[in-house]
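The chain contents come next:
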Amino acid sequence: MKYWDKNPIYYQIFISVLSFCFVLLGTFYFVKLATTVSDENLFVSPPSKIYISKLKGEFDDYKKRKFYDSTFVGGFIVGIDNISLDSIPNQYEMLEKTIKEEDNISLQIANFNNPKIQTIRIPSKDIANFYLENLESSVIITYVFPEGVSDRAGLRRGDIVLEINGQTFNSVKQADKIVKNSRSGSKIDYLIKRNGKIRSLSLTLPKFGINLSQLLMMICGMFLIFLGEIIGIKRPRIRGARITSFSLIMFGLVATLGLVGLSSIENVYDHFLLNFANFAMFISIPIILHSLKYFPRHLVGITNYKYTILTPYLISIIFFLFQVGIIYQAWTNILDEKTLALISNYLFLIYLVLLSLFIFITNIVHRKSINKNDWKKGRLIRSTYTLVFLMIVTQSVLFHFGYFKLRELIYASLLLIPIAYMFTIGLYRVFDLNIRLKRNYQYLLVSSGLYTAYIATVILFIYLLSTINWQIPNLHFSGTSIEVLKNPLRPEMHILYEKILIVLISMSIAILLWKSYTRKDKL
C-alpha cells in the first residue's frame, strides 16, 4: 500500500501493537488451557442407540458363541442390511421389523477396540441371544493420553462412560462441563461399561498441567510472531517485507491458539476466540501465499495477474463462513446429518487441496512469466511450507483414526518455518537484512545443539533399556563355583539386579558416545 510507503512509522506502530495483542491473546489462551482442569482423555457420542452388552441363552455351537462374544459384545449396531442408523430415530423398531421379515440379517458393528466397522450376516433368530441396551445418554472414550491421570486410573480406549461423579448427561458437552466444573486436585468418579461389565474408577485431577503438544505450539507460534515483528519493524518501507511480516504474525497466532480448538463454548469470550481463531486459520493461508510472491524476490510476472492474489482470499472467506455455519448449525435444514459430519471432519483438508490445485494451475499457466533465478531462491521456503502443511494434514487424518503418537513431532515441525526464513534471509540478504550470527555465537549454538543431542540420546537409551523385560538368571556364588539355580529370583532382587544392569549399560553407552564426540573434535 502506498500509505505505508509514505508513513513507515505508522506501519511499525501497527505491527508492534498487533504483535503485542496477539502475544497477549495467545498467552491468555495458554494460561487458560494450563489452568483448566482436564481428565486427559477424549470422548465422543455413541454411534448408535443399540449397544450389545452381553450374550444370553445357550448356543449348541461353541465356536459360534465364541465368535459372537468376541465380535458383537461391547459393540454398537450402526447399520442394518447396509442401511446406516445414524439418521433413523426409531432404530429398535427398524431392527425388530427386519428380524420379523428376513431369515438372515446383515449387521454393521462398530467397536472402538477395532478401528474398522465389521459387516456380518447372521441368522435373524440369533439376535434373541443378545442383550441390547440403549446407551444414548453416555460417551465413549476414543483416546487416553499416555501416562496421564486417566491412563493411571485404568481408563481405556473404548470404555463407555455412563456417569461422572454420580451425574448423568445427554451429550459430550454436558459430560465435559461436569469435568471442567470440578476443582483442580479433586477426585472424579467414573462409572463405565467395558465389554458389557459395569466398573467404577476414580482419578485425581492435576492441579496444573499442560500437555507437550500445546507447549510446542505455543513456542512455535511465539517464535513466528517475534520474527514477523522484527522483519516489519526493520523494513517497513519494503512491500514484500510488510506482507511477509504480517503473514508470519498471523500464522504465529494460529499456531499459538493450537490450530483452533475449544472443547466447550460457555461464554461470549469463547465464541469470540473460536470464531477469531477460525478466521485467522483460514485467512493466514492466502496471506502466506501472497507473501511468497514477494519473498525472497518479487515475482513480478505472476503478481501482474491480480486474480492469482485475490482468489485465495475469496476461497478462504467462503470456507470460513461455511465453518461458522457448521458451528452454529445453520446448514442442518439443507444437508443431512451424515453429510454435514463428513464435510465438517474434512473441511480444512478440502480447503487446502482446493488452494493447492489453484496455485499449481496458476503456476503452470504463468510459468513463462516467472524469473527462474527468483523462483529458485524461494524454493526452500516453499518446500518448508509444503512439508509442514502435509504434516498437519497427516496429523488431521491420523487424529480422525484415533492415532496421536506423532502429534508432538508434527507440531515441532512448525519451527522449520522461521529457521527456513532466517537461513534464506542470511543467504540472499533478503530485504537487505543481515541476521547472520557472529562466528563465536555460531560455535556456541552448534556446541549447545550437539550437547543437547548427546544428552537426549543417552536419555533415550536409558528409556529404551527400562522398557526391556530382562531375564536375569538366579546365580549362586560359592567359594569355588558359580551355580545357576532353577528357582527364579525373588521380585525385590530381580528389580535390584535389573537397575544395576541398566545403570552399567547406560554408563557404557554414555562413555562410548562421549568418546566418539571428542574424537570427532580431534579430527
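As the structure is a computational prediction, the values presented were derived from the model and not from experiment. (Residues numbered from 1 in each chain as written. Predicted model: local features only at pLDDT ≥ 70, side-chain atom pairs only at ≥ 80, totals over all residues. Heavy atoms only, no water.)

**Quick look at the overall build of the chain**
Put simply, the test is: Strands here mean DSSP runs of E at least two residues long; helices mean DSSP runs of H or I at least four residues long; both are numbered from the N terminus. Exposure classes here rest on a 1.4 Å probe applied to the protein chains alone. A residue is buried below 20% of its type maximum, exposed above 50%, and partly exposed in between. Only the protein chains shown count as covering a residue, and every accessible area follows the Shrake-Rupley method with a 1.4 Å probe.
Helix and strand content of the chain: 18 helices and 13 strands. Residue burial in the chain is summarised as follows: out of 523 residues, 41% are buried. Surface exposure of the chain reaches about 30300 Å², of which carbon and sulfur atoms provide 62%.

**Side note on the packing of aromatic side chains**
What counts here: Each Phe, Tyr or Trp ring, with Trp reduced to its six-membered ring, pairs with another whose centre is within 6.5 Å; inter-plane angles below 30 degrees give stacked pairs, above 60 give edge-to-face pairs, and intermediate values give tilted ones. The rule is short: NZ of Lys or CZ of Arg within 6 Å of the ring centre and within 35 degrees of the ring normal puts a charge over the ring.
A full pass over the atoms with the stated rule returns 24 aromatic pairs. Among the aromatic residues, those joined into a cluster by ring pairs are Phe-251, Phe-295, Tyr-385, Phe-389, Tyr-421 and Phe-431. Lying over the aromatic face of Trp-375, Arg-382 brings its terminal NZ or CZ to 3.6 Å of the ring centre.

**Concerning the pattern of salt bridges**
Filter applied, for reference: By salt bridge we mean one thing: a side-chain nitrogen of Lys or Arg within 4 Å of a carboxyl oxygen of Asp or Glu.
Applying the stated criterion across every chain yields a total of five salt bridges. Two residues, Asp-81 and Arg-121, come together in a salt bridge whose shortest N-O distance is 4.0 Å. With Asp-81 in the loop between strand S3 (75-80) and strand S4 (83-84) and Arg-121 in strand S6 (residues 114-123), the pair connects residues that are 40 residues apart, well separated along the chain. By relative accessible area, Arg-121 is classed as exposed at 53%.

**Things to note about the sheet that holds strand S1 (residues 41-44)**
The cut-off we apply is this: Strands are treated as partners if at least two bridges between them are detected by DSSP. A fitted line through C-alpha atoms serves as each axis, taken over the contacting stretch for helices, and the angle formed by two N-to-C directions is quoted from 0 to 180°. Between two residues, a contact is recorded if the distance between any of their heavy atoms is within 4.5 Å.
Spatially, five strands are ordered S1-S8-S9-S10-S11 in an open sheet, and the strand pairing comes out antiparallel. A strand with exactly one partner marks an edge of an open sheet, and here the two such strands are S1 and strand S11 (197-204). On average, each strand axis in the sheet is tilted by 40 degrees relative to the strand beside it, whichever way the strands run. Bridging between S1 and strand S8 (residues 139-144) involves four bridges; their strand directions are antiparallel. Along S8, the bridge assignment pairs Phe-43 with Ile-141. The sheet strands contacting helix H6 (residues 172-180) are S1, S8, strand S9 (160-164) and strand S10 (187-194), and the helix crosses S1 at an angle near 150 degrees.

**Some remarks on a nonpolar patch on the surface**
For clarity, the threshold we go by: Residues enter patches when they are more than 30% accessible in relative terms and free of salt bridges; like-charged ones are connected within 9 Å and nonpolar ones (Val, Leu, Ile, Met, Phe, Trp, Tyr) within 5 Å.
Together, Tyr-305, Tyr-307, Val-353, Leu-357, Phe-360, Ile-361, Ile-364 and Val-365 line one region of the surface with nonpolar side chains, adding up to about 750 Å² of accessible area. Sorting elements by how many residues they give to the nonpolar patch places helix H12 (residues 337-365) first, with six residues. Its place among the elements puts Val-353 in helix H12.

**Some remarks on the pairing of strand S2 (residues 50-55)**
Most of S2 is tucked away, with five of its six residues classed as buried. Bridge count between S2 and S3: two bridges; the pairing is antiparallel. Each bridged residue has a counterpart across the sheet, and for Ile-52 the counterpart in S3 is Gly-75.

**Considering the confidence of the model for the chain**
What counts, and what does not: The predictor attaches a confidence to each residue, called pLDDT, with possible values from 0 through 100.
Within the chain, residue pLDDT values average 80, and 83% of them lie at 70 or more. Per-residue pLDDT stays below 50 along residues 259-263; that stretch engages in 15 contacts with residues further than four places along the chain or on separate chains.

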